[in-house]
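# Coordinates in review
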Number of protein chains: 2
Amino acid sequence: MSRIPRIVILGAGYGGVVTAIRLQKELNYNEADVTLVNKHDYHYITTHLHMPAAGTDDPKNARVNILKLIDEFKIDFIKATVQEIRPQEKKVILDEGTLSYDYLVIGLGGEPETFGIPGMLEHAMSIRSINSVNFIREHIEYQFAKYKREPHRKELLNFVVGGAGFTGIEFVGELANRIPELCKEFNVDPAEVNIYNVEAAPTILPGFDAELVDYARQLLEDKGVQFRIGVAIKECTEEGVVLASGEEIPSATVVWTGGIRGNRLIEEAGFETMRGRVKVDEYLRAPGHDDVFIIGDGSIFMNPEGRPYPPTAQIAMQQGAATASNLVASIRNSQLKPFKPSIKGTVASLGRGEAIGVVGKYKMRGFVAAMMKKIIDMRYLYIIGGIPLVLRKTKL
Amino acid sequence: MSRIPRIVILGAGYGGVVTAIRLQKELNYNEADVTLVNKHDYHYITTHLHMPAAGTDDPKNARVNILKLIDEFKIDFIKATVQEIRPQEKKVILDEGTLSYDYLVIGLGGEPETFGIPGMLEHAMSIRSINSVNFIREHIEYQFAKYKREPHRKELLNFVVGGAGFTGIEFVGELANRIPELCKEFNVDPAEVNIYNVEAAPTILPGFDAELVDYARQLLEDKGVQFRIGVAIKECTEEGVVLASGEEIPSATVVWTGGIRGNRLIEEAGFETMRGRVKVDEYLRAPGHDDVFIIGDGSIFMNPEGRPYPPTAQIAMQQGAATASNLVASIRNSQLKPFKPSIKGTVASLGRGEAIGVVGKYKMRGFVAAMMKKIIDMRYLYIIGGIPLVLRKTKL
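Only a predicted model underlies this, so the values are computations on that prediction, with no experimental measurement involved.

Here we take up the pairing of strand S9 (residues 103-106) of chain B. Residue and element names in this part refer to chain B. Burial along S9 is two-sided: the residues Tyr103 and Val105 and Leu104 and Ile106 are all buried. One ladder, built from 4 bridges, connects strand S1 (residues 6-10) with S9; its direction is parallel. Each residue of the ladder has a partner; that of Ile9, found in S9, is Val105.

All names here are of chain A. Tracing the backbone shows Glu170 in helix H5 (residues 166-186). Of note is the side chain of Glu170, whose polar atom sits 2.7 Å from the backbone nitrogen of Ser349. Within the structure, Glu170 has its side chain in polar contact with the side chain of Lys373 (distance 2.9 Å). Sequence-distant contacts of Glu170, defined by excluding residues within four places in its chain, comprise Thr47, His50, Val347, Ala348, Ser349 and Lys373.

Attention now moves to the environment of Leu284 of chain B. All names here are of chain B. With respect to the helices and strands, the residue Leu284 is situated in the loop between strand S19 (278-279) and strand S20 (292-294). Under the relative-accessibility criterion, Leu284 is labelled buried at 0%. Along the chain, Leu284 and Pro338 lie 54 residues apart, while their C-alpha atoms are 8.1 Å from each other. Excluding anything up to four places from it in sequence, Leu284 contacts Val292, Phe293, Ile294, Ile295, Phe301, Gln319, Ala322, Thr323 and Phe339.

Bringing the pairing of strand S6 (residues 82-86) of chain B into the picture now. Residues and elements named next belong to chain B. The sheet contact formed by S6 and strand S7 (residues 91-94) spans 4 bridges and is antiparallel. When the bridges of S7 are listed, Val82 appears paired with Leu94. Taken together, S6 and the strand that follows it, S7, pair antiparallel across an intervening segment of 4 residues, in which Lys90 is found at a positive phi of about 55°.

Here we take up the domain arrangement of chain A. Residue and element names in this part refer to chain A. When its domains are assigned, chain A resolves into domain 1 (6-39 + 80-112 + 260-343) and domain 2 (115-258 + 345-396). Spacing between the C-alpha centres of domain 1 and domain 2 amounts to 30 Å. Every contact between the two is made by 11 residues of domain 1 and, on the other side, 8 residues of domain 2. Across the interface of domain 1 and domain 2, roughly 870 Å² is buried in total on both sides, 64% from carbon and sulfur atoms. Considering only the surface of domain 1 that becomes buried against domain 2, Ile21, Pro112 and Met317 emerge as the three largest contributors, covering 44% of it. Seen at the junction of domain 1 and domain 2, the total is 0 salt bridges. Here domain 1 and domain 2 share 1 residue pair in polar contact (both at pLDDT 80 or more) between them. Of all elements in the fold, only helix H1 (14-26), strand S10 (110-112) and helix H8 (313-331) reach the threshold of two or more residues within the side of domain 1 that touches domain 2. Ranked by residues supplied to the side of domain 1 that touches domain 2, first place goes to H1 with 4 residues.

Another aspect to go through is helix H1 (residues 14-26) of chain B. Residue and element names in this part refer to chain B. Taking 1.5 Å per residue as the helical rise, H1 with its 13 residues ought to reach 18 Å, and the 18 Å between its terminal C-alpha atoms agrees with that figure. By the criterion of burial, H1 is predominantly enclosed, with 10 of the 13 residues buried. Along H1, the positions that sit buried rather than exposed are Tyr14, Gly15, Gly16, Val17, Val18, Thr19, Ala20, Ile21, Leu23 and Gln24.

In this section: the interface of chain B and chain A. The interface of chain B with chain A comprises 19 residues on the first partner and 19 residues on the second. For the pairing of chain B and chain A, the buried interface totals around 1,900 Å² over both sides, and the portion due to carbon and sulfur atoms is 54%. If you sort the residues of chain B by the area they bury against chain A, Phe135, Glu138 and Tyr142 of chain B come out on top, with a joint share of 33%. Scanning the region where chain B abuts chain A turns up 2 salt bridges. The residue Glu185 of chain B makes a salt bridge to Arg137 of chain A at a minimum N-O spacing of 3.5 Å. Where chain B touches chain A, the interface holds 4 residue pairs in polar contact (both at pLDDT 80 or more). Those elements that provide at least two residues to the side of chain B that touches chain A are helix H4 (130-149) and helix H5 (166-186) of chain B. Here the side of chain B that touches chain A gets 12 residues from one element, more than from any other, and that element is H4 of chain B. Counted by class, the side of chain B that touches chain A contains 6 nonpolar, 4 polar and 9 charged residues.

What follows deals with the side chain of Arg261 of chain A. By secondary structure assignment, the location of Arg261 of chain A is in strand S18 (residues 260-262). Leave out the neighbours within four places in its chain, and Arg261 of chain A touches Gly110, Glu111, Pro112, Glu113, Glu267, Arg275, Gly276 and Arg277 of chain A.

Unlike most non-glycine residues, Asn30 of chain A shows phi in positive territory, near 65°. Structurally, the position occupied by Asn30 of chain A is in the loop between H1 and strand S2 (33-38). In this model, Asn333 of chain B sits at a positive phi of 55°, which is unusual for a non-glycine residue. Mapped onto the elements of the fold, Asn333 of chain B is located in the loop between helix H8 (313-331) and strand S22 (345-349).

Another aspect to go through is the sheet that holds strand S16 (residues 248-250) of chain A. All names here are of chain A. Judged by pairing direction, the sheet is antiparallel, and its 3 strands sit side by side in the order S14-S15-S16 without closing on themselves. Two strands lie at the open edges of the sheet, namely strand S14 (233-237) and S16, each paired on one side alone. Strand-to-strand twist across the sheet, computed as the mean angle between neighbouring axes with direction ignored, equals 15°. Bridge analysis of S14 against strand S15 (residues 240-243) gives 4 bridges, and the strand direction is antiparallel.

Attention now goes to the relation of the copies chain B and chain A. Rotating chain B by 180° about the axis while translating it 0.0 Å along that axis superimposes it on chain A, leaving an RMSD of 0.0 Å. Overall, the copies show the geometry of a two-fold rotation axis. Of the interface residues in chain B, 100% have counterparts in chain A that sit at the interface too, so the contact is made through matching surfaces.

A few words now on the packing of aromatic side chains. Aromatic ring pairs are reported here in terms of the distance separating the ring centres and the angle at which the planes meet. For the structure on display, the rule yields 17 aromatic pairs over all chains. Seen from their ring centres, Phe135 of chain A and Tyr142 of chain B are 5.3 Å apart, and the 25° between their planes marks the pair as stacked. Highlighted residues: Phe135 of chain A in helix H4 (residues 130-149) and Tyr142 of chain B in helix H4, drawn from two different chains. A relative accessible area of 6% places Tyr142 of chain B in the buried class. Here the aromatic cluster, defined as three or more aromatic residues joined through ring pairs, consists of Phe135 and Tyr142 of chain A together with Phe135 and Tyr142 of chain B. Over the face of the ring belonging to Phe135 of chain B we find Arg149 of chain A, whose NZ or CZ atom lies 3.9 Å from the ring centre. The lysine or arginine in question, Arg63 of chain B, covers the ring of Tyr42 of chain B, its NZ or CZ lying 5.2 Å from the ring centre.

Right, let's get into the sheet that holds strand S9 (residues 103-106) of chain A. Residues and elements named next belong to chain A. Sheet architecture is open: 5 strands sit in the order S5-S2-S1-S9-S20, paired in parallel fashion. Only two strands of the sheet have a single partner each, and these edge strands are strand S5 (75-79) and strand S20 (292-294). Shown here is a sheet whose adjacent strand axes are inclined to one another by a mean of 15°, direction ignored. Summarising the sheet, S9 and S20 pair through 3 bridges and their orientation is parallel. Counted as the bridge partner of Val105 is Phe293 from S20. Sitting on the sheet, H1 touches strand S1 (6-10), S2, S5 and S9, and the angle it makes with S1 is about 150°. Against the sheet, H8 contacts S1, S9 and S20, and its axis sits at roughly 170° relative to S9.

A complete count under the given rule lists 52 salt bridges over all chains for this structure. A salt bridge links Glu84 of chain A to Arg86 of chain A; the shortest N-O distance between them is 3.0 Å. The exposure class assigned to Glu84 of chain A is partly exposed, which follows from its relative accessible area of 34%. Arg86 of chain A sits in the partly exposed class, given a relative accessible area of 29%. Among the salt bridges present, the one from Arg285 of chain B reaches Asp290 of chain B, with a minimum N-O distance of 3.8 Å. Exposure remark for Arg285 of chain B: the relative accessible area of 13% places this residue in the buried category. Overlapping salt bridges bring together Glu113, Arg261, Glu267 and Arg275 of chain A as one network.

Reading guide: rules and limits
Residues numbered from 1 in each chain as written. Chains lettered and ligands numbered in written order. Predicted model: local features only at pLDDT ≥ 70, side-chain atom pairs only at ≥ 80, totals over all residues. Heavy atoms only, no water. Buried < 20%, exposed > 50% of the residue type's maximum accessible area, 1.4 Å probe, protein only. Helix = DSSP H or I, 4+ residues; strand = E, 2+ residues; numbered from the N terminus. Pairing = 2+ DSSP bridges. Polar contact = N/O pair within 3.5 Å; in protein donor to acceptor, adjacent residues only side chain to side chain. Contact = heavy atoms within 4.5 Å. Domains from an automatic or database assignment. Buried area = accessible area lost by both parts, 1.4 Å probe. Salt bridge = Lys/Arg side-chain N within 4 Å of Asp/Glu carboxyl O. Expected span 1.5 Å × (residues − 1). Nonpolar A, V, L, I, M, F, W, Y, C, P; charged D, E, K, R; others polar. Axes fitted to C-alpha atoms, helices over the stretch in contact; angles between N-to-C directions. Least-squares fit on C-alpha atoms with pLDDT ≥ 70 in both. Phe/Tyr/Trp six-rings, centres within 6.5 Å; stacked < 30°, edge-to-face > 60°. Lys NZ or Arg CZ within 6 Å of the ring centre and 35° of its normal.

What follows is the structure, given as structure tokens:
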């Protein structure tokens, strides 16, 4: 290459932001041209979104201005929406303009996967961005205000969460804290409100330690959550949900957390995908495209047992760091290193002061687990923005 | 009368609450049986409702628990909705039960008068109760959240206030303060938001001092309010409003403050009414019914020039005090005293730290007027609940 190689990073989620920050640190002056493209001028902390969605924390604590994270003298930032990726032409089409690349990093995140459940896409909300959680929060409050005007409409106070994976359980935990506050604010009898959590798998938090799962379920039931486990949602309508068991739950508020798929742009670009996700090689590259790295929710990376790692923030961040190193290696014509994820642990919040977690060989629950969750959140803020960001965004 | 006379007060608004508090003070032990009936177990400070409606103050500052105002050893309180008043039978039908009375005080407040404007009743909201203002506030916030999901729907950010009387202007003033906060919260460009205030009369605040009216209009225009004065609303639809000038304003939020009428129960009871209001005698009694007092928004009381006093909190409170005295006089068979209102002054708020007012012979505006407004509010709290209530409800 005679000119400086150009690296384009699509998406400023966990993967994209860590890639950018690491590149900014590792690249020498004029060694590459790096451009980060994102729909918004802020990065959001996806693992925190269940709180502003329920209304238990200010959305600004889940949002970080991108220009506070990257150094504009080293990395260009473009606020734009990606329209199309053309790997053959090595081009990305934006809503306003076009970018050429030598290396592309796709970190566009996921989209809700509704598994073809009729009406789910049209009628359910999902926890996926600052705008979407602002909508969920306002929507929930609005139902209380509406109910006071039309007190015969009991269904306005039924809240259905589809899916009892990580996001579903964490959201339900926050909602169970928030509902009593809303009841007080709007003068509503808490006995009138129902929170339902519906999961098709035979357990909540599939894959999590069984003892901790029991603890979580008991705790959430004590907070008033009504579980429907091992029952799929058959249909979602404007009036509520119909379960496979035949039960109908009338509701004006259905939040779907039951599945995730890759961004549609990835399959539209012609990559071979499974539910919009690309099974990447050991260097996180799309098969047949040595210049395209796919990280985060758009990628599938297999563990030694041949099963995909769950798409978590932890994995996305590690993928970002690995991709930055491999980009630098590619530019310098040195040997790329295979990606080796290291799962440090998993903690699921269950609402204020409560959580369950497995960190290393330790199982934890209650206050200790909740503190561990906070430490993990703070560690992430520290990685991307140092101490000032930790202090600014952490509610202790 | 062989038994103790029974006094029933309908409505715990300004008039009803002051009647009850005064009776509780003036009546001797076992001199009368007093029952206060109200739909909610709280009294609300109607003149304050424009703030929680816009979201600039907590609704709890506009709400006072009735049992903190009255002494239950002296006055019975029934939380119930009045279904029917039967003056011939001296009975009041409640949703659950029936009350007989010897003296009745009707202080049921007003209802929005839409002057037959098509669609206004169905599609516009009104500032009339805690529940209704909670709804307006949540509705407005919801439009911002919706707009972020559907940014092509510019009409979501158009807010139309019908009527530029007291309530309309005070609400518009608060809204102009609140909008910039909402823009920040939801990441919306303030230039996208429009506040329209439409008034059929040739001026805002008809009847107010012309110089102060000019001041108010300029101030609100500087805050971004767009006035349409001397133009009636021809129709209100789900899509917005159509003005008599032909102009169409697309909007999902129309708040109607343009008129008030008496409670429909009054005309259904067979009293002679004008827009649901009864022209009462000099003792505030319904003509031909010496046992029925009507106070507040349900009554019309003429000034010496033969024009009705505007229905304000000030008048309602004075009517409550006068009615309590005349009830005591009736029971003791002494001479009733004619009602003589004393207009101390009028102050209209224009949002944080701004107001205009005429008090006695003084005209005031800006900060001084805003302080005067606070003093008037505090004085009312003092009258009904003493110093503790002033301290609890006042935001300084």
